[in-house]
Amino acid sequence: MKRAAVAAVCLALGAALLLGSPGPGAAASDLGGRHSYRYTGQMATTPCAAWKKHSKRVVKRARRGGEWTRIVRVRRWRTCAKRAAAPAVLPVPVLVPPPAAPQPQPEPEDLSIPRLGVKAEEWSYTLSRPEVPAGEVIVELNNLGEDPHNLNLQLDDGSGPEAAIPLTGPSGQSKAHFTLAAGTYRMWCSLDGHETAGMSATLVVAP
């Protein structure tokens, strides 16, 4: 009978030690009472922004003084709550301006076409050359005077069409393409009083 009592006491003590033994990293425990607290080693070693509490009710039966006794324990522990992942930092888009549209380039002029420059002043025309060949001719009026001027030309006998370069202001330039037949041409400024003041010239178109 004594042996049975000793064995029962030993079993009860062993069960109490098993139920109340602190786990690794325990911060506090109460082995003699009804509750025990157990924390994981994570709390002491891992920096954590927030801890999450857990609890579990554990019921055991142990024999004390020859009678079976119901022992209730509440196990509590904490775990580190996972930190929210940092938002991804997206690269700032670099705005690249669209390439500038290519500017239209002027078509190169045919250098084989004869040219005639006419300098206009108060009150005269000065030709760069007295004669040009028949056919297509480029005539350029350069107004070096202080008043606007234009340029008109026609066969000296009044036959054939009349060609003209429109009004050009001071320091301005105007250019025109003419197809001239062979002959002698009269050139003049048609503005009121300009021809009579001396703004006229003669151009020879050779066959």
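About the criteria used
Residues numbered from 1 in each chain as written. Predicted model: local features only at pLDDT ≥ 70, side-chain atom pairs only at ≥ 80, totals over all residues. Heavy atoms only, no water. Helix = DSSP H or I, 4+ residues; strand = E, 2+ residues; numbered from the N terminus. Buried < 20%, exposed > 50% of the residue type's maximum accessible area, 1.4 Å probe, protein only. Areas by Shrake-Rupley, 256 points an atom, 1.4 Å probe, with all protein chains shown as cover. Pairing = 2+ DSSP bridges. Axes fitted to C-alpha atoms, helices over the stretch in contact; angles between N-to-C directions. Salt bridge = Lys/Arg side-chain N within 4 Å of Asp/Glu carboxyl O. Phe/Tyr/Trp six-rings, centres within 6.5 Å; stacked < 30°, edge-to-face > 60°. Lys NZ or Arg CZ within 6 Å of the ring centre and 35° of its normal. pLDDT = per-residue confidence, 0-100. Contact = heavy atoms within 4.5 Å.

### Topic: the overall build of the protein
Along its length, the protein carries two helices and 12 strands. When its helices and strands are written in sequence order, the protein yields α-β-α-β-β-β-β-β-β-β-β-β-β-β. In the protein, which comprises 207 residues, the share counted as buried stands at 26%. By element, 58% of the accessible surface of the protein is carried by carbon and sulfur atoms, the whole surface being about 14,400 Å².

### Concerning the sheet that holds strand β10 (residues 173–180)
On the basis of which strands lie adjacent, the open sheet formed by four strands has the order β5-β4-β7-β10 and mixed pairing. Looking at strand neighbours, the two that pair on one side only are β5 (124–127) and β10, the edges of this open sheet. Going across the sheet, the axis of each strand differs from the next one's by a mean of 25°, ignoring polarity.

### So, the pattern of salt bridges
Side chains that differ in sign of charge can pair as their charged atoms come close. Taken as a whole, this structure holds two salt bridges when the rule is applied. We note a salt bridge from Glu140 to Lys175, for which the minimum N-O separation is 3.8 Å. Of this pair, Glu140 sits in strand β7 (residues 135–143) while Lys175 sits in strand β10, and the two are 35 residues apart along the sequence. A salt bridge links Arg186 to Glu195; its shortest N-O distance comes to 2.8 Å.

### Some points on the sheet that holds strand β9 (residues 163–168)
Strand pairs in the sheet, formed through backbone hydrogen bonds, run parallel or antiparallel to each other. The strand order across the open sheet built from five strands is β6-β12-β11-β8-β9, with neighbouring strands paired in mixed fashion. Only two strands of the sheet have a single neighbouring strand rather than two, namely β6 (131–133) and β9. Averaged over all pairs of adjacent strands, the angle between strand axes in this sheet comes to 25°, irrespective of strand direction. Where strand β8 (residues 149–155) lies against strand β11 (residues 183–188), four bridges are found, and the strand directions are antiparallel. In the sheet register, Asn152 faces β11, and the bridge partner there is Trp188.

### Here's the deal with unusual backbone geometry
Trp123 follows Glu122 through a cis peptide bond whose omega is 0°. Mapping Trp123 onto the fold places it in the loop between β4 (115–121) and β5. Of note, the phi angle at Ser171 is positive, near 65°, even though the residue is not glycine. By the element assignment, Ser171 lies in the loop between β9 and β10. For Ser171, a relative accessible area of 70% gives the class exposed.

### Some details on the packing of aromatic side chains
If you walk through the whole model with that rule in mind, you get zero aromatic pairs. Positioned above the aromatic ring of Trp77 is the side chain of Arg75, whose terminal nitrogen or guanidinium carbon lies 4.7 Å from the ring centre. The side chain of Arg186 reaches across the aromatic face of Trp188, ending 3.8 Å from its centre.

### So, the confidence of the model for the protein
In the predicted model, the protein carries a mean pLDDT of 79, and 74% of its residues have values of at least 70. At the low end of the mean pLDDT range in the protein sits strand β1 (residues 35–37), at 39; at the high end sits β6, at 96. Taken as a whole, residues 18–44 scores under 50 in pLDDT and shows 48 contacts with residues more than four places along the chain or in a different chain.

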